Every structure is written in C-alpha cells, then in structure tokens.
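Report on the structure
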Amino acid sequence: MAQETMEGINPTRMELLKLKDREKLAVKGHSLLKEKRDALIKEFFDILDKVKGSREKVEETLKSAFEDLTAAQVIMGDLAVQKSALSVKESVEVDINSRSIMGVVVPVMDSKMDEKTLIDRGYSFADTSVRLDEAAKKFEDALALIIELGEIEKTIYLLTAEIESTKRRVNALEHIMIPKIKSTVKSIEMRLQEMERENFVRLKMIKSTIETDE
Amino acid sequence: MKSSVAVIGDIDTVTGFQLAGVKINKVVKTNEDAENALDELMNEEISIIIITEKIADNIREYIDKKIGSNVLPMIIEIPDKPGPSGRDSDPMGELIKKVIGVEMVK
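Residues numbered from 1 in each chain as written. Chains lettered and ligands numbered in written order. Predicted model: local features only at pLDDT ≥ 70, side-chain atom pairs only at ≥ 80, totals over all residues. Heavy atoms only, no water.

Let's shift gears to the overall build of chain B. On a plain count of helices and strands, chain B comes out with five helices and five strands. Taken from N to C terminus, the helices and strands of chain B fall in the order β-β-α-β-α-β-α-α-β-α. Relative to all contacts within chain B whose residues are 6 or more apart in sequence, the contacts with residues 24 or more apart total 61%. Looking at chain B as shown, the accessible area adds up to about 5,200 Å², and 47% of this sits on carbon and sulfur atoms. (Helix = DSSP H or I, 4+ residues; strand = E, 2+ residues; numbered from the N terminus. Contact = heavy atoms within 4.5 Å. Areas by Shrake-Rupley, 256 points an atom, 1.4 Å probe, with all protein chains shown as cover.)

Next comes the structure, spelled out in structure tokens:
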C-alpha cells in the first residue's frame, strides 16, 4: 500500500532534519500517551471492582425501605406519614472534595450521617407506627449507599470519557501521524539520493565531454 | 466544599427521603415539571441530585444536555416504589463496552 505523504513539504535537507525531529517527538508522545491509557484502564478496573454489586445493594435496601413505608402508610394513612416526614430535621451533609487520577478530576464524597436515635428524627411517637421508624432507618441507610454509588458511577463516567479521548489520540498517532511522517522522511531521502545520482552522472558527462574535446 | 442533597421523584420517594433527612425535594408529575425542577436545583448549586429511574428515562436527553461532562452536579438514578424498571440496556455496561471494547461479565 502506498503510504500517504505529507503535502507542502519541500524535499530539502532542512525539511528532512525538521521532520526527523517531529518523528522523534511523535514517537515519544505516543509512548507517553500509551502509558497514560494503560494507567487509566488499570484505575478503571480497580473502580469496577468497587461498583460490582453496589447498585444491587442500593436497590435491595430501597426495596425493603419502600415496603416499610407502604406498611406505615397503610397503618397510619398517607397524610399522617407525610406530616411526620415533614417534621424530620435536615440532617444530611455531604463534603465534596476532588481527587485527580492521571489528570482526571473525580469527586470524593464524604457524607456525614450520624446514627440517629428516634428522638433526633423529630416526629412524635404517640401517633406514629413502628414501621415508620423502620422505614426512616432504612431510607437513611439507602441514602448513604446511594451517595457512595453516585461517587463511583460519576468516577467511572469521567474515567471512560478520558480513556476514550486518550485512546483516540494514541490511535491517531500510531496509525496516521507516525506512518505519515515516516513515509515523508523516506520519500525525501529518496529524492535527495536521486538528486545526488543525477549530479554524479552530470559530472561524469561533463568530464567525458571535456576529455573528448581535448 | 459542603453541599446538600436533593430529591426529584414521585410523592412516595420524596416522603421516604424526607424521613431520611433530605429536605430539598421536588415532587414532579410531568416531564416539564421534572425539567424545571432540575433547572431550579442546578441554579441553587445543589451537587447531589437523586432522581427516580422513570423520570430520568423520560428526560434523558435533557439531563445529558445539561450535565454533559461536568463533574457536578452528580445525578444518581434510583428505582422507585414499584422497583427497578428492568430496562433492557444497562447504561454502565454500555459505557464499559464502549471503552474497553469487550463486554465485562459483572
């Protein structure tokens, strides 16, 4: 297959030297990017292990939480449950920091949720069912799990985007830029050699003309 | 950076998370409501938004457009009362497949 060469480059020694420098740079960049890609993928797999089952756990916890909530609604009535829910104090506080994986900024959540006692929740016990307490407890658990899951999923999402763009760059360098530069270098070298041969022949011709003239 | 959590969902989901201490919440019924709710929460710079899968599926394009590749806010999709919607495609799985090139057995 004929390699595509770069356009608009004169076959001169100067250009040849420049191109050779560019090739060196491209090869170096390629190997660095490749290392970055491999490191990202390794990081990606580490996180994948963490996410395994995390979603299922959230789903399970939520399911049982909803069961208790439904039971509470049946026993106390929808409105009473809503009224109690409204009187729960705001208690969720999340600290968001960020961490960098190979230049990708990912969030790190630090949720502070203290184990709450019944009194902390702030609704009266007199007219509430025990199932409501259960539901509240389970929703608190679920919330902690959900925040954790969100952090992991977001990290995965950001990592995949970065991996994709790195992969594209590696491939572009490997399959397009480097071969193109290489073939251009080759064609310039051939052109220069050809010119040298031409020159050599021309000198020979001149020499023989001069000799026959004498 | 301190931040709070918000919920967008149906009345049961919202009640449940209120019990858990999440005080910022939007009960939505239509897609328009959901889009407006999302806008409002983003304007308030809430960084964790919990949304039910059904609503998220309905306004998927809107979410993608709004969030793009931003780090925050973080949108977490959860199943609602009737349970996981059992969608055919698992977004995470798709993503992994796209990146690694092979399907991962989870």
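What follows concerns the overall build of chain A. A tally of helices and strands in chain A yields five helices and two strands. Put simply, chain A runs from its N terminus to its C terminus through helices and strands in the order α-α-α-β-β-α-α. With 214 residues in all, chain A has 37% of them scored as buried. For chain A, restricting intrachain contacts to residue pairs at least 6 apart in sequence, the fraction spanning at least 24 positions comes to 77%. When the accessible surface of chain A is totalled, it reaches about 13,200 Å², and 55% of it is carbon and sulfur. (Buried < 20%, exposed > 50% of the residue type's maximum accessible area, 1.4 Å probe, protein only.)

Moving on: the packing of helix 2 (residues 54-76) of chain A against helix 1 (residues 11-19) of chain B. In contact at an axis separation of 11 Å, helix 2 of chain A and helix 1 of chain B are set at 95° when each is read in the N-to-C sense. Relative to helix 1 of chain B, helix 2 of chain A is oriented roughly perpendicular. Of helix 1 of chain B, the residues touching helix 2 of chain A (which contributes Leu62(A), Phe66(A), Leu69(A) and Gln73(A)) are Asp12(B), Thr13(B), Gly16(B), Phe17(B) and Leu19(B). Its residues assigned to classes, the contact of helix 2 of chain A with helix 1 of chain B shows five nonpolar, three polar and one charged. (Axes fitted to C-alpha atoms, helices over the stretch in contact; angles between N-to-C directions. Parallel < 35°, antiparallel > 145°, perpendicular 65-115°, else oblique. Nonpolar A, V, L, I, M, F, W, Y, C, P; charged D, E, K, R; others polar.)

A word on the environment of Ile67(B). Residue position: Ile67(B) is located in helix 4 (residues 60-67). The class of Ile67(B) is buried, set by a relative accessible area of 8%. Separated by 25 residues in sequence, Ile67(B) and Met42(B) have C-alpha atoms that sit 9.7 Å apart. In contact with Ile67(B), not counting residues within four places along its chain, are Lys154(A), Met42(B), Pro73(B) and Ile75(B).

With that settled, consider the packing of aromatic side chains. Under the criterion given, the structure shown has three aromatic pairs over all chains. Geometrically, the ring pair formed by Phe66(A) and Phe139(A) is edge-to-face, given 5.4 Å between the ring centres and 90° between the ring planes. Here Phe139(A) lies in helix 5 (residues 130-213) and Phe66(A) lies in helix 2, a separation of 73 residues in the sequence. Here Phe139(A) and Phe17(B) contribute two aromatic rings whose centre-to-centre distance is 5.3 Å and whose plane-to-plane angle is 65°, an arrangement assigned as edge-to-face. (Phe/Tyr/Trp six-rings, centres within 6.5 Å; stacked < 30°, edge-to-face > 60°.)

Next up on the list: the pattern of salt bridges. Residues and elements named next belong to chain A. Throughout the structure, instances matching the rule amount to nine salt bridges over all chains. For Asp-68, the salt bridge identified is with Lys-138, shortest N-O distance 2.6 Å. Of the two residues, Asp-68 is situated in helix 2 and Lys-138 in helix 5; the sequence distance between them amounts to 70 residues. Residue Asp-68 is classed as buried on the basis of its relative accessible area of 4%. For Lys-138, a relative accessible area of 24% corresponds to the partly exposed category. (Salt bridge = Lys/Arg side-chain N within 4 Å of Asp/Glu carboxyl O.)

Within the fold, Thr184(A) resides in helix 5. Not counting the four nearest positions on each side in its chain, Thr184(A) is found in contact with Thr5(A), Met6(A) and Leu19(A).

Residues and elements named next belong to chain B. By the criterion of burial, strand 5 (residues 74-78) is predominantly enclosed, with five of the five residues buried. Neither face of strand 5 is open: one carries Met-74, Ile-76 and Ile-78, the other Ile-75 and Glu-77, and all of them are buried. Taken together, the five bridges between strand 4 (residues 48-52) and strand 5 define a ladder with parallel strand orientation. Paired with Ile-48 across the bridge in strand 5 is Met-74. (Pairing = 2+ DSSP bridges.)

Moving on: the interface of chain A and chain B. Tallying the contact residues gives 53 residues for chain A and 44 residues for chain B. The contact between chain A and chain B buries some 4,200 Å² in all, and 70% of this surface belongs to carbon and sulfur atoms. On the chain A side of the contact with chain B, Phe66(A), Ile96(A) and Lys154(A) bury the most area, a combined 14% of that side's loss. Our count for the contact surface shared by chain A and chain B stands at zero salt bridges. Inspection of the chain A/chain B interface yields one residue pair in polar contact (both at pLDDT 80 or more). No other element matches helix 5 of chain A, which puts 19 residues into the side of chain A that touches chain B. Classifying every residue of the side of chain A that touches chain B by side-chain character gives 31 nonpolar, seven polar and 15 charged. (Buried area = accessible area lost by both parts, 1.4 Å probe. Polar contact = N/O pair within 3.5 Å; in protein donor to acceptor, adjacent residues only side chain to side chain.)

Per-residue confidence for chain A gives a mean pLDDT of 83; residues scoring 70 or more make up 93%. Model confidence for chain A, summarised as mean pLDDT per element, is weakest for helix 4 (residues 118-121) of chain A at 66 and strongest for helix 1 (residues 13-51) of chain A at 89. (pLDDT = per-residue confidence, 0-100.)

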